[in-house]
Amino acid sequence: MNSIFSQVNEGNSNILLSKDGNEQSLFRLCKRKQSLRLNNKYVGQNIKFHQEVKNHYEFIGSYLQNEQLLLICKSNMTKEFDDLAEFLIKNKVKIDDDHISLVQIENCLAQGVSKIGVIDYYSKIYNNRILECKPKWNKMSLLNYMTYISFEGFGHEASDMNKVICRNCLNSKTNIKKKFILCYNGCMGLQPIDGYPELKNYILTPSNIITKIYEQQTQLQDQIVYNDESTLFLINLLIALRDITLFIDIDKKKITIIDLDYKNIENKDDFDFKMSKEWILLQKFTPNI
Ligand SMILES: [Zn+2]
């Protein structure tokens, strides 16, 4: 029998599904780990993380996509569990729990898509009116960059404050697929979106959402005490904000943050490990450091 769910999109960690052909809302099925039990645990952590963001960071929280947690139980005698399990099995996820935590979300493209303009690996423009982009990291001084990727800090020179690292552009050096990404930090101009004047004007507005998110990243960077585990929530939020996707709908004047995903940084060792990879990248792709 046909599945009641259809795949709309797929990332590294989630499968995006529609149900019964209705695309007004979509369903996020987690495939991050190869165990349903661990994926269910992660989905719960992520929902809790979003709630905490809404409680303490109203600015970010107000843009978060509406979501609702659904528990699809095996014992309900419906097809839903089996259909979802089939998607998971195809993705090598072991069915080792009696329910599936599924997240229902609003569809940022609910009106349908007639035209897609692909700008780069991270950016698309739908119907000439809706920009999807991943602005990644703020641009910062080498001194700050080194501080922000380490608990302890490095021995460094005061002149490092004047050397500028763009983490977006660094990202494009590290992966051939991302070679031509549009940098929203203004390094190379905005020519790739010249054909979309309203979107370009929005990006050039000083208070645009990308700039505001960078301001939030900077504030978090300054609040974090790198040898103090009491700031782990802030560290998780900072790193999650470096990896979000934005939908900017010019017609509806609506901005949505999606994929603000909890990064499972639960102690100093987790954070050190994650940031040591950053340090290696920085050394590899930035000469004269
Ligand atoms: Zn750049």
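Relevant structure appears above.
Quick look at the structure, then. Treat the numbers as computed from the prediction; the structure is a model and nothing was measured.

### Let's talk about the sheet that holds strand β12 (residues 254-258)
Turning to step 1, where the next piece is worked out: One open sheet holds the five strands; their spatial order is β6-β7-β8-β11-β12, and the pairing between them is antiparallel. Only two strands of the sheet have a single partner each, and these edge strands are β6 (116-118) and β12. Pairwise comparison of adjacent strand axes, ignoring direction, gives a mean angle of 15° for this sheet.
Turning to step 2, where the next piece is worked out: Pairing of strand β8 (residues 130-133) with strand β11 (residues 245-249) involves four bridges; the strand directions are antiparallel. The residue of β11 that forms the bridge with I130 is D249.

### Some points on unusual backbone geometry
Note on backbone geometry: most residues besides glycine have negative phi, and most peptide bonds are trans.
Turning to step 1, where the next piece is worked out: Phi is positive for N128, which is not a glycine, with a value near 65°.
Turning to step 2, where the next piece is worked out: One can find N128 in the loop between β7 (124-126) and β8.
Turning to step 3, where the next piece is worked out: For N128, a count of 16 C-beta atoms within 10 Å translates into the label partly exposed.
Turning to step 4, where the next piece is worked out: Positive phi, normally seen in glycine, also occurs at N264, with a value near 55°.
Turning to step 5, where the next piece is worked out: One can find N264 in the loop between β12 and α9 (268-285).

How each quantity is defined
Residues numbered from 1 in each chain as written. Predicted model: local features only at pLDDT ≥ 70, side-chain atom pairs only at ≥ 80, totals over all residues. Pairing = 2+ DSSP bridges. Helix = DSSP H or I, 4+ residues; strand = E, 2+ residues; numbered from the N terminus. Axes fitted to C-alpha atoms, helices over the stretch in contact; angles between N-to-C directions. Buried ≥ 20, exposed ≤ 12 C-beta atoms within 10 Å, placed from the backbone.

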